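Observations on chain architecture
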Amino acid sequence: MKCIKCGKENKKNAKYCASCGASLISTPAKKQKNIKRRIFLTVSILFFLAAGAVVILLVSGILQENRDKDRAQAAVTEFLERYKACDPAASELLAGTGDIEMSYEGISSSFADELSYEIISSRKDSDDLYIVEIQTTTIDFEKLFTVSAEETVKNYGEDNVTDHLLDVMQQKITGDTCETKTIPAQVSVLKINGEYKIQMDGSLANALSGGMNDYLESLAGGE
């Protein structure tokens, strides 16, 4: 029997080549084809199983992120609804407030009463931090303050502005003569132990107060 590897003639019933040690037992072509087919099918199945697992993980991650964004948005909506209702329990949705309740004393309640809002979008910013973009409309603080300050000086004199300004502002609000202002804001929402808590930062406070933060900062910058 001739070795197909090195060409040496071997005994008729030899199983291995006496020269190179190669196997002299030939595998039928059909059997080799079946072996290759089984190997191909096995590799293909393993590949598709792995690819399927990756797709499942990706889809699961996307769905979870979308659920988190929806819940962050729902938390902002709930907070704004409680704020509009002057509900002290709105503070329960704020991060780091503990047992402190929100106060709506003085003209703060008027800004809350006049508030309307629109949720624009929500997105994931980083791990456990979501940004919900909103647009609020409420009393224009700058115009209210400016008109009230001028009237206070006119009626009570410059030396008595501090004593009467808030009363004049309240009268303007009660008289329903206040202009409104629409302000965009980005609300930061933290996911803490599965709960969604809102950060009361400058952007949100400014939107709720009709631009008070921006106006006061402009006055400070002008000094």
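Up top is the structure.
Overview of the structure.

How each quantity is defined
- Residues numbered from 1 in each chain as written.
- Predicted model: local features only at pLDDT ≥ 70, side-chain atom pairs only at ≥ 80, totals over all residues.
- Heavy atoms only, no water.
- Helix = DSSP H or I, 4+ residues; strand = E, 2+ residues; numbered from the N terminus.
- Buried < 20%, exposed > 50% of the residue type's maximum accessible area, 1.4 Å probe, protein only.
- Contact = heavy atoms within 4.5 Å.
- Areas by Shrake-Rupley, 256 points an atom, 1.4 Å probe, with all protein chains shown as cover.
- 1 Å grid on protein atoms, 1.4 Å probe; cavity = no way out; pocket = protein on both sides within 12 Å on 5 of 7 lines; lining within 4 Å.
- Points joined across faces, edges and corners; volume = space filled by probe spheres on them.
- Nonpolar A, V, L, I, M, F, W, Y, C, P; charged D, E, K, R; others polar.
- Pairing = 2+ DSSP bridges.
- Axes fitted to C-alpha atoms, helices over the stretch in contact; angles between N-to-C directions.
- Parallel < 35°, antiparallel > 145°, perpendicular 65-115°, else oblique.
- Left-handed = near helix turned anticlockwise from the far one by under 90°.
- Phe/Tyr/Trp six-rings, centres within 6.5 Å; stacked < 30°, edge-to-face > 60°.
- Expected span 1.5 Å × (residues − 1).
- Arc of directions from axis to C-beta.
- Polar contact = N/O pair within 3.5 Å; in protein donor to acceptor, adjacent residues only side chain to side chain.
- Salt bridge = Lys/Arg side-chain N within 4 Å of Asp/Glu carboxyl O.

This part covers the overall build of the protein chain. Looking only at helices and strands, the protein chain features 6 helices and 4 strands. Starting at the N terminus and walking to the C terminus, you meet the elements of the protein chain as α-α-β-β-α-α-β-β-α-α. Burial statistics for the protein chain: of 223 residues in total, 28% are counted as buried. Counted over contacts in the protein chain with a minimum sequence separation of 6, partners at least 24 positions apart contribute 54%. Carbon and sulfur atoms provide 53% of the accessible area of the protein chain, an area that totals close to 14500 Å².

Size it by volume and the largest pocket reaches roughly 350 Å³. Grouping the amino acids of the lining of the largest pocket by side-chain chemistry returns 13 nonpolar, 4 polar and 1 charged.

Once that is clear, we can look at the sheet that holds strand E1 (residues 116-126). Sheet architecture is open: 4 strands sit in the order E1-E2-E3-E4, paired in antiparallel fashion. Unpaired on one side and paired on the other, E1 and strand E4 (195-198) mark the two borders of the sheet. The sheet shows a mean angle of 30° between the axes of neighbouring strands, taken without regard to direction. In terms of strand pairing, strand E2 (residues 129-139) meets strand E3 (residues 180-192) through 11 bridges, oriented antiparallel. Considered in E3, the bridge of Thr-137 is made with Thr-182.

Let us now look at the packing of helix H3 (residues 141-156) against helix H4 (residues 161-174). Close contact between H3 and H4 brings their axes to 8 Å; oriented N to C, the two are set at 125°. Our classification of the angle between H3 and H4 gives oblique. Note on packing geometry: the crossing formed by H3 with H4 is right-handed. Taking contact as the criterion, the partners of Phe-141, Leu-144, Phe-145, Val-147, Ser-148, Ala-149, Glu-151, Thr-152, Val-153 and Tyr-156 in H3 are, on H4, Val-161, His-164, Leu-165, Val-168, Met-169, Lys-172 and Ile-173. A breakdown of the residues in the contact of H3 with H4 according to their chemical character gives 12 nonpolar, 3 polar and 2 charged.

Summed over the entire model, instances satisfying the criterion amount to 6 aromatic pairs. On the basis of an interplanar angle of 20° and a centroid distance of 5.7 Å, the ring pair of Phe-141 and Phe-145 is categorised as stacked. Remark: Phe-145 and Phe-141 occur in helix H3; sequence separation between them is 4 residues, near one turn of the helix. Through a chain of ring-to-ring contacts, three or more aromatic side chains come together here, namely Phe-111, Phe-141, Phe-145 and Tyr-215.

Once that is clear, we can look at H3. Spanning 16 residues, H3 covers 21 Å between terminal C-alpha atoms, matching the ideal 22 Å at 1.5 Å per step. Of the positions making up H3, those classed as buried are Phe-141, Leu-144, Ser-148, Ala-149 and Thr-152. The arc that holds the buried residues of H3, viewed along the axis, is 120°, so those residues lie on one side. Those residues of H3 that are exposed and angled more than 90 degrees off the buried face are Glu-150 and Lys-154. Looking at where H3 begins, the residue whose side-chain oxygen comes 3.1 Å from the main-chain nitrogen of Glu-142 is Asp-140. The positive-phi residue at the C-terminal boundary of H3 is Gly-157, with phi of around 90°.

Another aspect to go through is the pattern of salt bridges. Under the definition given, this model contains 7 salt bridges. Across the pair Glu-92 and Arg-82 runs a salt bridge, and its minimum N-O distance is 3.5 Å. You can see Glu-92 sitting in the loop between helix H1 (29-84) and helix H2 (108-113) and its partner Arg-82 sitting in helix H1, a full 10 residues away along the chain. With a closest N to O distance of 2.6 Å, Lys-172 and Glu-151 form a salt bridge. Within this pair, whereas Lys-172 is found in helix H4, its partner Glu-151 is found in helix H3, the two being separated by 21 residues in sequence. A residue is classified by how much of its surface remains accessible, and Glu-151, at 26% relative accessible area, is partly exposed.

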